[in-house]
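Structural description and commentary
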Amino acid sequence: MAQSKENSNVLVIHGPNLNMLGKREPEIYGKTTLDEINASLEKLGKRLGLTVEAFQSNHEGAIVDKIQDAAVTQKGLIINPAAYTHTSIAIRDALLLLDIPVIELHISNIYKREPFRHTSVISDVATAQIAGFGVQGYRMALEALARMIQNR
Ligand code: DQA
């Protein structure tokens, strides 16, 4: 798929508690760890001509800082804001600074869960959303992002 010689940099942001994947509510989020997800994305990225950087934080401000940096360094963004999906206007505002494709990612289908998870304050500022495919959704998101970057 990659046509240019230089890889495009893409960023994957994992929000709060996603560092606990594998241990955290495995019946909802599965048994795959965050390190395994990141390693799989890095490998897939190489095939797609993408250099994948992964970042996890439990802190809203750190995520905002990272999104601001992405505006100058990255060609695309996959973000699972985790619980901040439902609350963070600060993350939403930071995403509005970006002029790159942004995929909002959820491991679970947030629309089949508690009512407070049905609202995402970032979905209307993201390019697209993937939810409910389990951790496989990350690979789907990266493949979609590669196409979006190529078609720009
Ligand atoms: C999540 C869904 C959120 O509601 C939750 O707070 C998470 C993970 C998901 O990937 O399904 O931490 O974003």
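About the cut-offs
- Residues numbered from 1 in each chain as written.
- Predicted model: local features only at pLDDT ≥ 70, side-chain atom pairs only at ≥ 80, totals over all residues.
- Heavy atoms only, no water.
- Helix = DSSP H or I, 4+ residues; strand = E, 2+ residues; numbered from the N terminus.
- Rg over C-alpha atoms; globule rule 2.2 N^0.38 Å.
- Buried < 20%, exposed > 50% of the residue type's maximum accessible area, 1.4 Å probe, protein only.
- Contact = heavy atoms within 4.5 Å.
- Areas by Shrake-Rupley, 256 points an atom, 1.4 Å probe, with all protein chains shown as cover.
- Lys, Arg positive; Asp, Glu negative; His and termini not counted.
- Charge placed at Lys NZ, Arg CZ, Asp CG, Glu CD.
- Pairing = 2+ DSSP bridges.
- Axes fitted to C-alpha atoms, helices over the stretch in contact; angles between N-to-C directions.
- Near = heavy atom within 4 Å.
- Polar contact = N/O pair within 3.5 Å; in protein donor to acceptor, adjacent residues only side chain to side chain.
- Nonpolar A, V, L, I, M, F, W, Y, C, P; charged D, E, K, R; others polar.

Check the secondary structure of the protein and you find five helices and five strands. In the protein, the order of α-helices and β-strands from amino to carboxyl end is β-α-α-β-α-β-α-β-β-α. Over its C-alpha trace the protein gives a radius of gyration of 14 Å, about what one expects of a compact globule, namely 15 Å for 152 residues. Here the protein holds 152 residues, and 45% of them are scored as buried. Contacts in the protein between residues far apart in sequence, at least 24 positions, make up 78% of those at least 6 positions apart. Accessible surface, the protein: about 7,800 Å² in total, of which carbon and sulfur atoms supply 49%. The average position of the 16 basic charges and that of the 16 acidic charges among the side chains of the protein differ by 8 Å.

One open sheet accounts for five strands, arranged 2-1-3-4-5; its pairing is parallel. Every interior strand has two partners, whereas the edge strands, strand 2 (50-56) and strand 5 (128-131), have only one. Neighbour-to-neighbour, the strand axes of this sheet turn through a mean angle of 20 degrees, independent of strand direction. Strand contacts of helix 5 (residues 136-150): strand 1 (8-14), strand 2, strand 3 (76-80), strand 4 (102-106) and strand 5, with the helix running at about 155 degrees to strand 3, the strand carrying the most contacts.

As a matter of local geometry, the ligand sits amid Arg-24, Tyr-29, Asn-80, Ala-82, Ala-83, His-86, His-106, Ile-107, Ser-108, Ile-110, Arg-113 and Arg-117. Between the ligand and His-106, the relevant distance is 2.9 Å, taken from an oxygen atom to a side-chain nitrogen or oxygen of the residue. Here an oxygen atom of the ligand sits 2.8 Å away from a polar atom, N or O, in the main chain of Ile-107. When the ligand is considered free in solution it has 320 Å² of accessible area, and contact with the protein chains removes 99% of it. Among the residues making up the shell around the ligand, the classes are represented as five nonpolar, four polar and three charged.

For the rest of this paragraph, the subject is the pairing of strand 3. Among the five residues that make up strand 3, five are buried, leaving the element largely enclosed by the rest of the structure. Burial along strand 3 is two-sided: Gly-76, Ile-78 and Asn-80 facing one way and Leu-77 and Ile-79 facing the other are all buried. Pairing of strand 1 with strand 3 involves five bridges; the strand directions are parallel. Across the sheet, Leu-11 pairs through a bridge with Leu-77, a residue of strand 3. Relative to strand 4, strand 3 is paired through three bridges, and the arrangement is parallel.

All quantities given are derived from atomic positions and should not be read as evidence of function.
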